[in-house]
Amino acid sequence: MIDQRLLPHRFQIVSFKTHRETANAIREMVLRGAGAIGVAGGYGMAQAAVEAKDLPPRKFTAYMRRAAKLLKSTRPTAVNLPHAVDRCLAASSRGPMEKRVERIAEEADKIALEDLAASQAIGEHGSELIKDGYRILTHCNAGALAFIDYGTALSPVRFAARQGKRVFVYVDETRPRSQGAKLTAWELQQEGIPYALIVDNAAGYFMRRGEVDVVIVGADRIAANGDVANKIGTYEKAVLAHENGVSFYVAAPKMTFDLGCPTGDDIVIEERSPEEVNWVWGEDEDGNLTKVRISAKDTPARNPSFDVTPAKYITGIITEVGVLRPPYDESIRKALSEPQKGSLG
Ligand code: RUB
């Protein structure tokens with residue numbers, strides 16, 4: 001994994017050898033983003049299978065179940081994680097024992113390849129919504145670091161830029177962990193796409209001045225009615241977009257839909273440590289990575305990591321099978337019944 005906690009100041013690849021280490025890396029956000037943690041969860045299951053391969057069948061099954069539970073408990077909101085882990089768990093219970101490790105590893109690869117194909121298709125469909133000269137606002141990081149390859153929300157932007165359209169991206173800083181400032185800005189810089197970093201509370205200012213043509217964000221879980229859980233602050237951007245007549249799109253693969261959640265109220269929202277609100281990480285003038293407190297000692301803080309944007313604010317959901325439109329309960333069910341492309345099988 002690229003250690004995303006150190007970006008953009010250091011580029012470091014780190015390895016985790018056991019499923020417990022992988023679970024910890026997901027929890028500590030060494031890597032993050034719904035798609036990326038799903039893929040990591042799949043490979044965590046493959047690691048568990050290697051660890052348990054010499055156990056008798058019943059003990060092997062019990063070991064895999066415990067591993068699945070641990071991996072799924074690391075971050076509760078993004079549904080890609082339980083979807084991927086459960087697929088690998090199902091693969092672990094089929095076929096002869098000696099083949100099971102192989103099957104789980106294949107399933108993990110398949111999930112990664114499906115995400116890759118989805119990110120490309122999301123880019124193709126989404127880029128049609130971006131006209132030459134568009135100014136796009138995005139929140140958090142739903143780019144290559146959060147997913148596989150092109151990303152989700154950034155994929156249409158990348159495709160539009162490669163098609164020669166002039167695009168400009170407003171990047172929300174995304175406190176408290178600043179995924180926009182640290183990761184999205186860095187990704188766009190790498191790719192030479194023009195952008196400006198803005199503080200989270202500046203989005204309304206730019207929208208009201210008519211300087212934002214479209215908002216595109218990612219998603220961590222999409223309920224059956226089209227309500228979307230995404231990084232805290234997404235809801236505000238959607239309401240502001242609505243108020244200012246700006247289109248608001250969500251880009252996400254089919255893996256991110258959860259028909260088990262009828263509405264957004266059924267989505268569990270992760271609440272993280274108050275430390276993330278009271279302290280910020282960065283590089284000092286001498287290039288040392290450092291952490292500074294920005295509030296008085298013992299300041300109580302609340303830190304919900306995600307919020308829910310009601311479907312009524314969402315203009316469309318860009319998926320690998322096309323752009324879904326309201327009424328979402330119908331378009332989502334139809335999209336989920338389409339065959340999955342890009343898998344190995
Ligand atoms: C990440 C976040 C991203 C979605 C979309 O939150 O909210 O917008 O996960 O990701 P965190 P993807 O940094 O807390 O994980 O592009 O993978 O679908």
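This structure is a prediction, so every number in the text was calculated from the model and none was measured.

### Brief notes about the overall build of the chain
- The helix and strand inventory of the chain stands at 11 helices and 13 strands.
- The C-alpha radius of gyration computed for the chain amounts to 20 Å, which stays within 12% of the reference 20 Å derived for 345 residues, consistent with globular compactness.
- For the chain, the spread of C-alpha atoms along the principal axes amounts to about 65 × 50 × 40 Å.
- Taken across its 345 residues, the chain has 52% of its residues classed as buried.
- Put simply, 76% of the contacts in the chain that link residues at least 6 apart link residues at least 24 apart.
- Just so you have it, the chain exposes about 15,500 Å², and 51% of that area is on carbon and sulfur atoms.
- Put simply, the chain has 45 plus and 45 minus side-chain charges, and the middle of one group is 4 Å from the middle of the other.

### Considering the environment of S119
- Mapped onto the elements, S119 comes out in helix α5 (residues 97–127).
- The class for S119 is buried, based on a relative accessible area of 0%.
- Taking C-alpha positions, S119 is 9.4 Å from G143, a pair spaced 24 residues apart along the chain.
- Not counting residues up to four positions away in its chain, the partners in contact with S119 are F147, I148, D149, Y150, G151 and S155.
- A polar contact is formed between the side chain of S119 and the backbone nitrogen of Y150, at a distance of 3.3 Å.

### Overview of helix α9 (residues 234–243)
- By the burial criterion, the buried members of α9 are T234, K237, A238 and A241. In an axial view of α9, the angular spread of the buried residues amounts to 100 degrees, which keeps them on one side of the axis.
- Two residues or fewer past α9, G245 is found with a positive phi of approximately 65 degrees.

### A few points about empty space enclosed by the protein
- Using the criterion set out here, one finds three cavities of 30 Å³ or more in the structure.
- For the largest cavity, the calculated volume is near 200 Å³.
- Along the wall of the largest cavity there are 25 residues; nearest its centre are G33, A34, N141, A219 and D220.
- Residues that form the lining of the largest cavity fall into these classes: 11 nonpolar, 10 polar and four charged.
- Counting residues domain by domain, the lining of the largest cavity receives three or more from each of domain 1 (19–119) and domain 2 (129–337).

### Here's the deal with the site of the ligand
- Among the 19 residues in the neighbourhood of the ligand, the closest are listed as G35, A146, T152, N230 and K231.
- G35 is positioned such that a nitrogen or oxygen atom in its backbone is 2.7 Å from an oxygen atom of the ligand.
- One nitrogen or oxygen atom from the side chain of D220 is found 2.8 Å from an oxygen atom belonging to the ligand.
- Out of a free accessible area of 460 Å², the ligand has 100% covered by protein chains.
- In a pocket analysis with a 2 Å cut-off to the grid points, the ligand is assigned to the largest cavity.
- Those elements giving two or more residues to the shell around the ligand turn out to be α2 (34–52) and β6 (228–231).
- Residues belonging to the shell around the ligand are distributed by class as follows: eight nonpolar, seven polar and four charged.

### Focus on the layout of surface pockets
- Estimated volume of the largest pocket: approximately 570 Å³.
- Lining the largest pocket we find 23 residues, and of these R5, R177, K182, E276 and W281 sit closest to its centre.
- Mapped by element, the contributors of at least two residues to the lining of the largest pocket are α7 (179–191), α10 (275–278), β9 (279–283) and β10 (289–293).
- By residue number, the principal contributor to the lining of the largest pocket is β9, which donates four residues.
- Broken down by class, the residue content of the lining of the largest pocket amounts to eight nonpolar, six polar and nine charged.
- Roughly 360 Å³ of internal volume is contained in the second largest pocket.
- If you go around the second largest pocket, you meet 18 residues; those closest to its centre are M1, I2, L31, A36 and A40.
- A total of six residues in the lining of the second largest pocket trace back to one element, the largest contributor, which is α2.
- Of the residues in the lining of the second largest pocket, the class split is 13 nonpolar, five polar and no charged.
- Taken domain by domain, the lining of the second largest pocket gets at least three of its residues from each of domain 1 (19–119) and domain 2 (129–337).

### What to know about the state of the cysteines
- Under the definition given, this model contains zero disulfides.
- Considering cysteine sulfurs only, C261 is the nearest to C140, which forms no disulfide, with 20 Å between them.
- When its relative accessible area of 6% is taken as the criterion, C140 is described as buried.

### Digging into the pairing of strand β12 (residues 316–319)
- Burial along β12 is two-sided: G316 and I318 facing one way and I317 and T319 facing the other are all buried.
- Pairing of strand β7 (residues 247–251) with β12 involves three bridges; the strand directions are parallel. Looking at the pairing, Y249 lines up with G316 of β12.
- Connecting the antiparallel pair β12 and strand β13 (residues 322–324) is a turn made up of two residues.

The rules behind these values
- Residues numbered from 1 in each chain as written.
- Predicted model: local features only at pLDDT ≥ 70, side-chain atom pairs only at ≥ 80, totals over all residues.
- Heavy atoms only, no water.
- Helix = DSSP H or I, 4+ residues; strand = E, 2+ residues; numbered from the N terminus.
- Rg over C-alpha atoms; globule rule 2.2 N^0.38 Å.
- Buried < 20%, exposed > 50% of the residue type's maximum accessible area, 1.4 Å probe, protein only.
- Contact = heavy atoms within 4.5 Å.
- Areas by Shrake-Rupley, 256 points an atom, 1.4 Å probe, with all protein chains shown as cover.
- Lys, Arg positive; Asp, Glu negative; His and termini not counted.
- Charge placed at Lys NZ, Arg CZ, Asp CG, Glu CD.
- Polar contact = N/O pair within 3.5 Å; in protein donor to acceptor, adjacent residues only side chain to side chain.
- Arc of directions from axis to C-beta.
- 1 Å grid on protein atoms, 1.4 Å probe; cavity = no way out; pocket = protein on both sides within 12 Å on 5 of 7 lines; lining within 4 Å.
- Points joined across faces, edges and corners; volume = space filled by probe spheres on them.
- Nonpolar A, V, L, I, M, F, W, Y, C, P; charged D, E, K, R; others polar.
- Domains from an automatic or database assignment.
- Near = heavy atom within 4 Å.
- Sits in = over half its atoms within 2 Å of the grid points.
- Disulfide = S-S within 2.5 Å.
- Pairing = 2+ DSSP bridges.

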